[in-house]
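Here's the letter readout for the chains.
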Amino acid sequence: MENINKNTIDTCGLSCPQPALEVLNFIQQQGTDTFSVLADSITSRENIIRTAQKYQYRLENEEKQNMIMVLHFRKNA
């Protein structure tokens with residue numbers, strides 16, 4: 001996947017609950033206003049969204065590139 005930066009979490013290939021735990025770890029360590037997550041399963045997507053929402057982030061945009069979902073989150077104001 002192109003354009004992976006410090007605010008992008010690649011959870012592709014990870015089994016649940018690891019993708020949600022990666023997001024949780026990122027939120028707790030980085031505290032950034034925006035971040036993106038790469039996911040490759042619907043279950044991971046749903047768990048990632050729930051985890052982000054618990055920490056006051058909203059899904060701002062979602063893209064699909066081949067079989068990869070790119071989820072973009074922003075901290076609620």
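In what follows, the structure referred to is the one given above.
Residues numbered from 1 in each chain as written. Predicted model: local features only at pLDDT ≥ 70, side-chain atom pairs only at ≥ 80, totals over all residues. Heavy atoms only, no water.

(A) Layout of helix α1 (residues 18-30). Taking 1.5 Å of rise per residue, the 13 residues of α1 would be expected to cover 18 Å, and the 18 Å separating its terminal C-alpha atoms lies within 8% of that figure. Looking at the buried residues of α1, the elements they touch are β1 (8-10), β2 (34-39), α2 (42-54) and β3 (57-65). Gly-31, located one to two residues past α1, shows a positive phi value of around 60°. (Helix = DSSP H or I, 4+ residues; strand = E, 2+ residues; numbered from the N terminus. Expected span 1.5 Å × (residues − 1). Contact = heavy atoms within 4.5 Å.)

(B) Examining the side chain of His-72 more closely. Inspection of the secondary structure assignment puts His-72 in strand β4 (residues 68-75). Reaching out from His-72, the side chain makes a polar contact with the side chain of Ser-36 at a distance of 2.7 Å. Not counting residues within four places of it along the chain, the set of residues in contact with His-72 comprises Phe-35, Ser-36, Arg-58, Leu-59, Glu-60, Asn-61 and Glu-63. (Polar contact = N/O pair within 3.5 Å; in protein donor to acceptor, adjacent residues only side chain to side chain.)

(C) Focus on the sheet that holds β4. If you trace the 4 strands from one edge of the open sheet to the other, you get β1-β2-β4-β3, paired in mixed fashion. Each edge of the open sheet carries a strand with a single partner, namely β1 and β3. Geometrically, the sheet is characterised by an average inter-axis angle of 20° between neighbouring strands, direction not taken into account. Relative to β4, β3 is paired through 8 bridges, and the arrangement is antiparallel. Pairing of Glu-63 across the sheet is with Val-70, part of β4. Relative to β4, α2 is tilted by about 5°, and along the sheet it contacts β2, β3 and β4. (Pairing = 2+ DSSP bridges. Axes fitted to C-alpha atoms, helices over the stretch in contact; angles between N-to-C directions.)

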